[in-house]
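Chain and residue survey
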Amino acid sequence: MAGLGLNGPALIVGGRSPIRLLAETWKRTFADAGIAYAVHEFGGECSLAEIERIKQVARQNKSQVVVGAGGGKVLDAARAAAADLTCRS
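Quick summary incoming for the structure in this document. As the structure is a prediction and not an experimental result, all values here were calculated from the model. Sequence positions are assigned chain by chain, starting from 1 and proceeding in written order. Owing to the predicted nature of the model, reporting of local features is limited to residues with pLDDT of at least 70; listing and counting of side-chain atom pairs is limited to 80 or more, with chain, interface and lining totals taken over all residues. Processing note: side-chain calculations cover all non-hydrogen atoms of the structure and skip hydrogens and water entirely.

Here we come to the side chain of Glu 50. The numbering of helices and of strands both runs from the N terminus, where a helix is a DSSP run of H or I of at least 4 residues and a strand a run of E of at least 2. Looking at the secondary structure, you find Glu 50 in helix H2 (residues 48-60). The class of Glu 50 is buried, set by a relative accessible area of 5%. Pairs of N or O atoms within 3.5 Å make up the polar contacts considered here, provided that, within protein, one atom can donate a hydrogen while the other can accept it, and that residues adjacent in sequence are counted only when both atoms are side-chain atoms. A polar side-chain atom of Glu 50 sits 3.1 Å from a polar atom in the side chain of His 40. Burial classification: accessible surface area is computed with a 1.4 Å probe over protein chains only, and a residue below 20% of its type maximum counts as buried, one above 50% as exposed, and the rest as partly exposed.

Written as structure tokens, this is what we have:
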């Protein structure tokens with residue numbers, strides 16, 4: 001992100017497994033980059049309701065970047081939320 005000029009804060013949208021497996025990596029790497037972030041657990045389906053939930057969390061955290069971590073549904077929902085918010089994904 002830093003290499004692309006994206007300073008955050010970032011919202012990471014992920015399924016249970018990516019959150020469990022990557023939480024420590026995110027903690028370390030985002031701290032090293034000096035980028036604030038929050039994590040939102042994906043609801044399981046790329047639906048309008050889930051996209052709205054992601055957008056609400058992004059607004060609460062003043063996120064400028066939305067990062068999807070997981071499979072296609074997560075990535076689609078993260079991308080849709082970012083597009084609606086005019087964030088980077």
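Now for the nonpolar core. By size, the foremost hydrophobic cluster in this structure holds 15 residues, and its most contacted members are Leu 11, Val 13, Phe 42, Ile 54, Val 66 and Ala 77. Of all the secondary-structure elements, those providing two or more residues to this core are strand S1 (10-14), H2 and helix H3 (72-85). Element by element, the count of residues in this core is highest for H3, at 6 residues. When checking whether two residues touch, look at their non-hydrogen atoms; a contact exists if any pair is within 4.5 Å. In contact with Phe 42, not counting residues within four places along its chain, are Val 13, Gly 14, Gly 15, Glu 50, Arg 53, Lys 73, Val 74 and Ala 77. One finds Ala 10, Ile 19, Val 65 and Ala 69 within the second-largest nonpolar core, a separate group that totals 9 residues. Take the buried residues of types Ala, Val, Leu, Ile, Met, Phe, Trp, Tyr and Cys, join any two whose side-chain atoms come within 4.5 Å, and each joined set is a nonpolar core.

Here the focus is the sheet that holds strand S2 (residues 37-41). Strand order in the open sheet formed by 3 strands is S2-S1-S3, and the pairing between neighbours is parallel. Edge positions in the open sheet fall to S2 and strand S3 (65-69), since each of these has one partner strand only. In this sheet, adjacent strand axes meet at a mean angle of 25 degrees when their direction is disregarded. Here, any two strands with at least 2 DSSP bridges between them count as paired. Relative to S2, S1 is paired through 5 bridges, and the arrangement is parallel. For Gly 14, the partnering residue across the bridge sits in S2 and is Glu 41. Axes, fitted as lines to C-alpha atoms, cover a helix only where it is in contact. Angles between the N-to-C directions of the axes lie from 0 to 180 degrees. Most of the contacts of helix H1 (residues 16-33) go to S2, to which it runs at about 180 degrees, and overall it touches S1, S2 and S3.

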